[in-house]
Amino acid sequence: MVAYDTETLYGIWDTPGTDLDSYTKIIRYYAKHSWGQFDPQEIKESWDEDAQTVTVSFAAGGEPFETTVPMQSDWFQEGVHTLINEALEKTGVPQRFLLIPVLDQVVHHAFI
């Protein structure tokens, strides 16, 4: 079964660093659309404006997961998407989120 999500992540933040839970919202968004297969806990993000990076972490299946991604305008960083899929794999969930290519800043995905 393939679920195509027509909701967007655009508008979660307008300017980097002004909505300091942007990735937390994204991770919750993915969890909401995983049919209960992805249940992240202890979601955290730390913005380092000097280094122009964001460190994102959460726990899934009792294991910690963390990545650091660049702050680049209002672009969703694929490293967070990759981290979510790594968590799915390590916790034994067979499905993955696949990004569907688009020509603008709207992110669409399928959970298959």
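Keep in mind that this is a model prediction, so the values were computed, not measured.

### Concerning the overall build of the chain
Point 1. Scanning the chain from N- to C-terminus turns up 2 helices and 5 strands.
Point 2. Going from N to C terminus, the chain has its helices and strands arranged as α-β-β-β-α-β-β.
Point 3. Across the 112 residues that make up the chain, the buried fraction comes to 43%.
Point 4. Here the analysis covers contacts within the chain between residues at least 6 apart in sequence; of these, 44% occur between residues at least 24 apart.
Point 5. Accessible area for the chain stands at about 6400 Å²; split by element, carbon and sulfur atoms hold 49% of it.

### With respect to unusual backbone geometry
Point 1. The phi angle at tryptophan 35 is positive, at roughly 55 degrees, despite the residue not being glycine.
Point 2. Within the element layout of this structure, tryptophan 35 appears in the loop between α1 (22-32) and β1 (41-48).
Point 3. Phi is positive for glutamine 52, close to 60 degrees, though the residue is something other than glycine.
Point 4. With respect to the helices, strands and loops of the structure, glutamine 52 is situated in the loop between β1 and β2 (53-60).
Point 5. Residue glutamine 52 is classed as partly exposed on the basis of its relative accessible area, which comes to 38%.

### Topic: the packing of aromatic side chains
Point 1. Summed over the entire model, instances satisfying the criterion amount to 7 aromatic pairs.
Point 2. Geometrically, the ring pair formed by tyrosine 23 and tryptophan 47 is tilted, given 6.3 Å between the ring centres and 35 degrees between the ring planes. Residue tyrosine 23 is located in helix α1, and its partner tryptophan 47 is located in strand β1; the two are separated by 24 residues in the primary sequence.
Point 3. Classification of tyrosine 23 as buried rests on a relative accessible area of 2%.

### Focus: the side chain of threonine 67
Point 1. Here threonine 67 lies in strand β3 (residues 63-70).
Point 2. In this structure, threonine 67 is in contact with Val54, Thr55, Val56, Gly79, Val80 and Leu83, ignoring residues within four places of it in sequence.

### Things to note about the confidence of the model for the chain
Point 1. Considering every residue of the chain, the mean pLDDT works out to 80; 74% of them sit at 70 or more.
Point 2. The least confident element of the chain, judged by mean pLDDT, is strand β5 (residues 108-111) at 77; the most confident is β3 at 96.
Point 3. With pLDDT under 50 throughout, residues 1-17 is counted as low confidence; its partners more than four residues away or in other chains account for 51 contacts.

Cut-offs used in this document
- Residues numbered from 1 in each chain as written.
- Predicted model: local features only at pLDDT ≥ 70, side-chain atom pairs only at ≥ 80, totals over all residues.
- Heavy atoms only, no water.
- Helix = DSSP H or I, 4+ residues; strand = E, 2+ residues; numbered from the N terminus.
- Buried < 20%, exposed > 50% of the residue type's maximum accessible area, 1.4 Å probe, protein only.
- Contact = heavy atoms within 4.5 Å.
- Areas by Shrake-Rupley, 256 points an atom, 1.4 Å probe, with all protein chains shown as cover.
- Phe/Tyr/Trp six-rings, centres within 6.5 Å; stacked < 30°, edge-to-face > 60°.
- pLDDT = per-residue confidence, 0-100.

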